[in-house]
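Structural characterization, general
Chain by chain, the residues run as shown.
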Amino acid sequence: MNSKIKAVTLSALVAVCMIAGNVLAAEGRDMGKAIAKMYLSEAGATEIQVQPAGEVGAEAPSGNKDIVLKGDAKCTACHDEADSPKVLSIGKTSHGVKGDARTPTCTSCHGESDAHIAYKGSAKPPKPDRVFGKNTATPVAERNRACLTCHKGTARTHWEGSQHQNAQVACSDCHTTHAPADKVLNKKTQREVCFACHKEQRADEHKISTHPIDAGKVACSDCHNPHGSTGPKLLKKNTVNETCFLCHAEKRGPFLWAHQPVVEECTICHTPHGSNITPLLKTRPPFMCQECHDGSHSSGTPVGPNAAGIQAGLTVAPNRNNVGGSCMNCHRQIHGSNSPAGGFLQR
Ligand code: HEC
Ligand code: HEC
Ligand code: HEC
Ligand code: HEC
Ligand code: HEC
Ligand code: HEC
Ligand code: HEC
Ligand code: HEC
Ligand code: HEC
Ligand code: HEC
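Since this is a predicted model, take the numbers as computed values, not measurements. (Residues numbered from 1 in each chain as written. Chains lettered and ligands numbered in written order. Predicted model: local features only at pLDDT ≥ 70, side-chain atom pairs only at ≥ 80, totals over all residues.)

Comments concerning the overall build of the protein
- Broken down by element type, the protein carries 15 helices and zero strands.
- In the protein, which comprises 347 residues, the share counted as buried stands at 21%. (Helix = DSSP H or I, 4+ residues; strand = E, 2+ residues; numbered from the N terminus. Buried ≥ 20, exposed ≤ 12 C-beta atoms within 10 Å, placed from the backbone.)

What to know about the environment of L235
- Within the element layout of this structure, L235 appears in the loop between α11 (220-223) and α12 (240-245).
- Assessed through the 18 C-beta atoms surrounding it within 10 Å, L235 is described here as partly exposed.
- A sequence separation of eleven residues divides L235 from H224, and the C-alpha atoms of the two residues are 4.3 Å apart.
- Beyond its immediate chain neighbours, meaning those up to four positions away, L235 contacts C223, H224, S229, V240 and T243. (Contact = placed C-beta atoms within 7 Å.)

Some details on the site of ligand 6
- Inspection of the region around ligand 6 gives 17 residues, with C194, Q201, C220, C223 and P272 positioned closest.
- If you tally residues by element for the shell around ligand 6, the top one is α11, at three residues.
- Class assignment for the residues of the shell around ligand 6 results in eight nonpolar, six polar and three charged. (Near = placed C-beta within 6 Å. Nonpolar A, V, L, I, M, F, W, Y, C, P; charged D, E, K, R; others polar.)

Brief notes about unusual backbone geometry
- The step from S84 to P85 runs through a cis peptide bond, and the omega angle for that step is -5 degrees.
- In this fold, P85 is placed in the loop between α3 (73-76) and α4 (106-110).
- Following G253, the chain continues into P254 via a peptide bond in cis, with omega recorded as 5 degrees.
- With respect to the helices, strands and loops of the structure, P254 is situated in the loop between α12 and α13 (260-264).
- A positive phi angle, close to 55 degrees, is found at S113, a residue other than glycine.
- Mapping S113 onto the fold places it in the loop between α4 and α5 (114-118).
- Within the chain, L280 stands out as a residue other than glycine whose phi angle is a positive 50 degrees.
- By the C-beta count within 10 Å, which is 20 here, L280 ends up buried.

Points about the nonpolar core
- Counting twelve residues, the largest nonpolar core consists of I67, V68, L69, C75, V87, L88, I90, C106, C109, A146, C147 and C171.
- Of all elements in the fold, only α4 and α6 (140-151) reach the threshold of two or more residues within this core. (Core = buried A, V, L, I, M, F, W, Y, C linked by C-beta atoms within 7 Å.)

So, α6
- Compared with the 16 Å implied by 1.5 Å per residue over twelve residues, the 16 Å span of α6 between its first and last C-alpha is a close match.
- R143, N144, A146 and C147 are the residues of α6 that are buried. End-on view of α6: buried residues confined to an arc of 145 degrees, all on one side of the axis. Of the exposed residues in α6, those oriented more than 90 degrees away from the buried face are A141, E142 and T149.
- In this fold, the buried residues of α6 make contact with α4 and α8 (171-174).
- Positive phi appears at G153, one or two residues downstream of α6, with a value of about 80 degrees. (Expected span 1.5 Å × (residues − 1). Arc of directions from axis to C-beta.)

Considering the confidence of the model for the protein
- Across the protein, the average pLDDT comes to 79, with 73% of residues at 70 or higher.
- Every residue in residues 1-61 is under pLDDT 50, and counting partners more than four places away or in other chains gives 71 contacts.
- Under a pLDDT of 50 for its full length, residues 299-325 has, in the predicted model, 37 contacts with residues more than four places off or in other chains. (pLDDT = per-residue confidence, 0-100.)

With respect to the environment of C220
- Structurally, C220 is set in helix α11.
- C220 gets classed as buried once you count the C-beta atoms within 10 Å, which come to 21.
- Here the alpha-carbon distance between C220 and V184, two residues 36 residues apart in the chain, equals 9.9 Å.

Side note on the environment of I268
- Checked against the element boundaries, I268 lands in the loop between α13 and α14 (287-290).
- Taking C-alpha positions, I268 is 9.7 Å from M288, a pair spaced 20 residues apart along the chain.

Given below as structure tokens:
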């Protein structure tokens, strides 16, 4: 076996053992050199406990070996399990899949950072090329470029020019990279990340009528693409209605008798995030209806003068309480009707 093949075999074995070790390791236990050795013995891989210097971590400056990512030795020589915040937990994320050739290493995101690595002595080292943490001096565009080298296209086709890109929001403002769980990817925790900046939507979530966002059944990203979109307000689809139809397909029609504002835009009557008027209504009926229908029932002109008042000429005379309470007592098919006799949206 020549030495190159041996090195490859060894790194493959180490990867396998570390994955096995990960499974065995109890939740919350630190990763690192010491643990990595333990993993090897836990997995029964005693024959490769001794690492030939520099063979696995090809770029290792001083014979150190990679700990979690291929080629990380040049960084993990100093940044090990003792680091705070913990950096090695990246090995437990989808960026830590060693067997995948596309997996980044420390320098894919942070840069080669030559001056930082070369530092010796007791003073603080010069900064790495790219720092992502809070109060970093690395410009947003530069940080985002590092991520976009691998994540351009697909969901991020419209990132350039999107509201978040224009507002200097960084990928790492929403995504955490080193922690084992990225809150923004989980439906149940995603909103916490968004609410940090979007206070108005957080307030809406406490109103009487809402989408079940708090319950984790609907996420912001079910309606929005935070990476950019061709629709208004970062909506996933080109229009509000197309976005609502993703889940409320029964409101799409086609209807024999459509209600014109419904066809136009759901948000003429509804607000998506929260309202104190059930169900997610912007104003309370009958006033909502009367904003457009202020003609009399008999006028023959639904968008004419004085509707809620006198209903002379109706085949079914509505009593005043019904009218005051809700127009929908009679006009039940407010979103459109398919009954041949549903021209007044009543069945
Ligand atoms: C010779 C030891 C050494 C090596 C090698 C090293 N670092 Fe560091 N690094 C440090 C020290 C020490 C600090 C802490 C500086 C401080 O507290 O301000 C640090 C801090 C950092 C920070 C935080 C900077 C900040 O301002 O918050 C990042 C990110 C970082 N290193 C990444 C890397 C990467 C990536 C590599 C490999 C390319 C690497 N380091 C290699 C010693 C090293
Ligand atoms: C996929 C990109 C990516 C990779 C790969 C990566 N980092 Fe980071 N790193 C980040 C981001 C983003 C942060 C900011 C905190 C967070 O999101 O977890 C960060 C934070 C840090 C910090 C803490 C200081 C700070 O700025 O908050 C250190 C130290 C660090 N990384 C070192 C490393 C080392 C060492 C490796 C290789 C084992 C590595 N990073 C791999 C993206 C990456
Ligand atoms: C060298 C390439 C590379 C770089 C640089 C990179 N990633 Fe990734 N990223 C990957 C790969 C590979 C995956 C696994 C994706 C897959 O399975 O399709 C991934 C997955 C992800 C995921 C999905 C995680 C999941 O569990 O579904 C997120 C989010 C992500 N990356 C964000 C980032 C961010 C933010 C940055 C910059 C701080 C970044 N990536 C930098 C290659 C990269
Ligand atoms: C405003 C918050 C936010 C910002 C900023 C953001 N993301 Fe995301 N990202 C999300 C959310 C939410 C999801 C989950 C989307 C879903 O489930 O449909 C996600 C998913 C992902 C994924 C995994 C699924 C996929 O689309 O492939 C990757 C990779 C990713 N983001 C990369 C990035 C990169 C790169 C950037 C910076 C250019 C970035 N994100 C900026 C919120 C954000
Ligand atoms: C770091 C702060 C920050 C985070 C986190 C954040 N946003 Fe934003 N968002 C902004 C800023 C700034 C704007 C642009 C200014 C504005 O319109 O409020 C914006 C704009 C938007 C818009 C478009 C508003 C418009 O008027 O066109 C939507 C939709 C949105 N964000 C949704 C989200 C979602 C969903 C999340 C979580 C996945 C999220 N944001 C996370 C800061 C953030
Ligand atoms: C059911 C679909 C849906 C969900 C879920 C949703 N939104 Fe929206 N969002 C919309 C629609 C539709 C608009 C456009 C509102 C309008 O035109 O009145 C919008 C607008 C916005 C705006 C711009 C507000 C403005 O005044 O222009 C922000 C910011 C926003 N949403 C953030 C969020 C956040 C954060 C979440 C998660 C907590 C979220 N959205 C969940 C559908 C949704
Ligand atoms: C990701 C799926 C999804 C999308 C997209 C969606 N909704 Fe919903 N909607 C739901 C769920 C789930 C409920 C709760 C149903 C239940 O409790 O039975 C709901 C409930 C509602 C309700 C009734 C609320 C109540 O208090 O009873 C209204 C009104 C509503 N949605 C309007 C909209 C509008 C308008 C849009 C487009 C802006 C939209 N929805 C987009 C999933 C969605
Ligand atoms: C003209 C005002 C108006 C428009 C426009 C409108 N709705 Fe409604 N919607 C209502 C009223 C009023 C109710 C309550 C009905 C009731 O109490 O009988 C309602 C109830 C709902 C409900 C909960 C009850 C049910 O029927 O499932 C959903 C979901 C809903 N609307 C979705 C939509 C969607 C999606 C659109 C856009 C395609 C839309 N609405 C457009 C007035 C409207
Ligand atoms: C944004 C304006 C608007 C709102 C709000 C509105 N409508 Fe309409 N409505 C219309 C228009 C426009 C038509 C179609 C008129 C036409 O085709 O001549 C219509 C048609 C109708 C019709 C059928 C009448 C016919 O002759 O076709 C009924 C019944 C009706 N609306 C009831 C209601 C009720 C009940 C509400 C409140 C839940 C309501 N509308 C809210 C604009 C509105
Ligand atoms: C008791 C049942 C009932 C109630 C309550 C009711 N309507 Fe009607 N409405 C009808 C009937 C039945 C028609 C058909 C009229 C006809 O046959 O000439 C009608 C017709 C209409 C029309 C079609 C145009 C017209 O003037 O004939 C509109 C618009 C309308 N109603 C709006 C409303 C609004 C807005 C409210 C609430 C303020 C309301 N209705 C309350 C039963 C009712």
